[in-house]
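Close look at the chain arrangement
One letter stands for each residue in the lines below.
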Amino acid sequence: MQGERRLGVIDRPEGKKDWIVIDQGGNPHKLRPQRFDYIIKGGPSNYKEIGNFLREVQPYLDPSGLEVAWELLAGENQLVTPETMAEILFSDRGPQFCYAAHCLLSEDKVYFKNKGDGYEARSENQVEEIKHQLEVEQQRQREKVQFLQRLQQALAGETVEWSESDRIRLESLEKFILQPEQKYPAAMEILSLLGRSQTPEAAFELLVDLKWWSSHENLFLRRSSYPVQFSKKVLDVARLNLLNPPADADVNNRLDLTHQKIYTIDDESTEEIDDGLSVEILADGGHRLWIHIADPSRLVLPDDELDLEARRRSTSLYLPTGMVPMFPLELAAGPMSLVQGKLCPALSFGVILDETGAIADYRIHPSTIKPTYRLTYEDVDEMLHLDLQHEPEVKILNRWAKQRHAWRKSQGSINIQMPESSIKVKANDEIIIELQEVSPSRQLVAEMMILAGEIAGRYCQEHEIPVPFRGQPQPELPPDEELILLPAGPVRSCALRRCMPRSEMTTIPNRHASLGLNTYSQVTSPIRRYTDLLTHFQLKAHLRGDQLPFTRDRMQEILYSVASSALEATSVERQTNRYWSLEFLRRQGDQVWQALVLRWLREEENLGLILLEELGLELPHRFERSVSLGDRFQVQVSRSDPHRDEIRFRELSGFVSSQAS
């Protein structure tokens, strides 16, 4: 009944269409003949005989005999009844043998299929396919049992070697966490078998318990399309280029600048070193400033495997937990970088500035250089502070950087200085947040990089070379009388920042308002920013007199896809920094922080943005009292949940009002 095979004895008719059937337990059932699966001729006549009958049948229910019968009947295209099958299998058509044959045939999924009143032998191909499917299913079931065993071992703290099928199952949990709306069946089954709720949170907790994921797994990165690992194909090409670099198209055009004293200035942790600076003393006592940019296009060709991979990534990703490079690191930090003491290919920009800081003359050369010193920003700040006489070039570079800054200001540049923080996570999950001070060294490097971008933009504009030109529409700034009412410093800078429109990237030169430049193309980070590499491809081809690799239309097409990828990468960086800043504050629950009321988010709801001044972090806060922009007060974290992106503060001491100035 209800799908279960049950033997019964027909007792009597009931009405015109039904029969009363008595089962083994003596229970009557009203059934229509259509419900009868098989009628045993000569079988039990009383329900009390059913038990003995079934015991007689039991020894003959061996399905292995069907394979022998199938081999005899395959290809004969004749229907087999339980009676003929009983004759073949048991050489007897007695009721117990016929019923045993019926049971075997009706339950068989391999050799015979039901057809009308009998059964037909399947073809050899069909049998082989079914056997294969059954083997696959049996293997799947074995793997499932073994997987559950390994799950329990891992949850008990034992070291486990996961199989490939295990990884597929665990990846289904990953997918469910990242795309919970999909309700992945494999993930649901695993959670159910372990008695855990079928939620993304439970799946995340399970992967952490299994040590498959870290408790701080970067879900923003995993949800993005940014690839964390390089494919084997890309790595193979990278290794080939390391061992056997392609021919240098600029070998006859490279300017030998190995005699120059060249400084590379970066953070100590920087691995991709893509710019260096030097000073050439001219015959008239003047200076030619040199900005040397790494030349990864020495090892990368337009549209080759490495180029397409860099294009897909669009940028190196800088996260608190470490950097994910745009190129394989053995290339990016090796022959692509400007490594101290080594011969390095470069694209060098030489420029003479007039007394105001404007460009008087410039030149661009593929070059060979040999970086002399690798310095940190702190090194350069100390050199400037001590006014070291044996390194006059640093002082000269700093003086011209200040002159350039003044010139750009005269051209309408808008300088907004907001506190910025650097968040680093060590291998033991220790979080370090440092406030990045605006230092002379950082301003020096920034001005030289902007100068190189102006030179590149000017050259490409003059020669009608389609490259990624960066521009920014002129912002509508608040009038001075309105700005003066805001407290000087971060509050005023924040108000200006909100007015700044997004920068734009097109193949047509246009003014960059905040830089104060009429043309500008980023060119100084080709190892870690793909649009800079595009400019290198175009510039170097033009300098050689070759056909440009990319037409204007093709360049614009590439920029559309790269801009989208870069925007996603920026979002991952911002969200990841936010996560770790909240995690840092969660761990510092007893710490008292100095907060500054930065701007309103929804003033009618008393919701504003505060700046934790020691950390340079901007976070939302709903105020418990009336406040004004620029007020300072102390807070403690009352709740911080980085996974939910939630933070709450508790206000401590009274407010200190900040007057506009």
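Scroll up to find the structure.
Let me begin by describing the structure that accompanies this report. For clarity, every value in this text was computed on a predicted model and none was experimentally measured. Throughout this document, residue positions are counted from 1 along each chain, in the order its sequence is written. For this predicted model, a pLDDT threshold of at least 70 governs which residues receive local features, and a threshold of 80 or more governs which side-chain atom pairs are given and counted, while totals over whole chains, interfaces and linings are taken from all residues. Just so you know, side-chain values use all the structure's heavy atoms and leave hydrogens and water out.

Quick look at the overall build of the protein chain
Spelled out, the test is: Numbering of helices and strands runs from the N terminus, with a helix taken as a DSSP run of H or I at least four residues long and a strand as a DSSP run of E at least two residues long. The quantity called the radius of gyration is restricted to C-alpha atoms. Its globule counterpart is 2.2 Å times the number of residues to the power 0.38. Classification of residues uses two cut-offs on accessible area relative to the type maximum, computed with a 1.4 Å probe and protein chains only: under 20% is buried, over 50% is exposed, and between them is partly exposed.
Per the secondary structure count, the protein chain includes 19 helices and 23 strands. Against the 2.2 N^0.38 benchmark of 26 Å for 661 residues, the protein chain shows a C-alpha radius of gyration of 38 Å, more extended than a compact globule. Taken along the three principal axes of its C-alpha coordinates, the protein chain extends 125 × 70 × 45 Å. Expressed as a percentage of the 661 residues in the protein chain, the buried residues total 46%.

Re the pattern of salt bridges
Worth spelling out the cut-off: Counted as salt bridges are all cases of a side-chain nitrogen of Lys or Arg within 4 Å of a carboxyl oxygen of Asp or Glu.
Here the structure, examined in full by the defined rule, presents 50 salt bridges. Among the ionic pairs, Glu391 bridges to Lys261, the shortest N-O distance being 3.1 Å. One end of the pair, Glu391, is in the loop between α13 (377-386) and α14 (392-410); the other, Lys261, is in the loop between β6 (255-256) and β7 (263-266), and 130 residues separate them in sequence. Given a relative accessible area of 8%, Glu391 falls into the buried group. The class of Lys261 is partly exposed, set by a relative accessible area of 25%. Here Arg497 makes a salt bridge to Glu618, at a shortest N to O gap of 2.9 Å. Residue Arg497 is found in helix α17 (residues 490-499), and its partner Glu618 is found in strand β21 (residues 617-622); the two are separated by 121 residues along the sequence. With relative accessibility at 33%, the residue Arg497 sits in the partly exposed group. Since its relative accessible area comes to 24%, Glu618 is described here as partly exposed.

A word on the pairing of β7
Which entries qualify depends on this criterion: Any two strands between which DSSP finds at least two bridges are classified as paired.
Residues Tyr263 and Ile265 line one face of β7 and the alternating positions Thr264 and Asp266 line the opposite face, and both faces are buried. Sheet analysis places β7 next to strand β14 (residues 373-376), joined by four bridges and oriented parallel. Residue Thr264 lies in a different strand from β14, and its bridge partner there is Arg374.

Structural notes on the side chain of Ser348
This is how it is decided: Polar contact is the term for a pair of N or O atoms within 3.5 Å; when the atoms are in protein, one must be able to donate a hydrogen and the other to accept it, and sequence-neighboring residues count only if both atoms are side-chain atoms. It only takes one pair of heavy atoms within 4.5 Å for two residues to be counted as in contact.
Along the polypeptide, Ser348 turns up in strand β12 (residues 344-353). Of note is the side chain of Ser348, whose polar atom sits 2.7 Å from the side chain of His292. Excluding residues that lie within four positions of it along the chain, Ser348 makes contacts with Leu257, Trp290, Ile291, His292, Arg363, Ile364, His365, Ser367 and Ile369.

Description of a negative patch on the surface
For clarity, the cut-off: What makes a patch is a set of residues exposed beyond 30% relative accessible area and free of salt bridges, joined within 9 Å when like-charged and within 5 Å when nonpolar (Val, Leu, Ile, Met, Phe, Trp, Tyr). Computed with the Shrake-Rupley method and a 1.4 Å probe, the accessible areas treat only the protein chains shown as cover for residues. Just so you know, the count uses Lys and Arg for positive and Asp and Glu for negative, and it drops His and the chain ends. Here the site of a charge means atom NZ of a Lys, CZ of an Arg, CG of an Asp or CD of a Glu.
Together, Glu268, Glu378, Asp379, Glu382 and Glu434 give the surface a local cluster of negative charge. If you tally residues by element for the negative patch, the top one is α13, at three residues. Position of Asp379 relative to the elements: it lies in helix α13.

A word on the sheet that holds strand β20 (residues 607-612)
Inclusion rule: Only the stretch in contact is used when fitting a helix axis, every axis being a line fitted to C-alpha atoms; angles between N-to-C directions are given from 0 to 180 degrees.
Spatial strand order, β21-β20-β19-β22-β23: five strands in an open sheet with antiparallel pairing. The open sheet terminates on both sides in strands that have one partner only, identified here as β21 and β23 (646-651). Direction aside, neighbouring strands of the sheet carry axes that sit 45° apart on average. Lying on the sheet, helix α19 (residues 552-587) is in contact with β19 (593-602), β20, β21, β22 (632-641) and β23; it crosses β21 at an angle near 65°.

Re the environment of Phe90
Along the chain, Phe90 falls in helix α3 (residues 82-90). For the pair Phe90 and Glu272, spaced 182 residues apart in sequence, the C-alpha separation works out to 81 Å. The residues touching Phe90, leaving out its near neighbours within four places in the chain, are Tyr60, Phe97, Ala100, Ala101 and Leu104.

A word on α3
Our working definition: The arc in question is formed by the directions pointing from the helix axis toward the C-beta atoms.
Here α3 has its buried residues at Pro82, Met85 and Ala86. The arc that holds every buried residue of α3, seen down its axis, measures 105°, which confines them to one face. In the core, the buried residues of α3 are packed alongside α2 (64-73), α4 (95-107) and β4 (112-115). Where α3 ends, the next residue or the one after it, Ser91, has phi of about 55°, a positive value.

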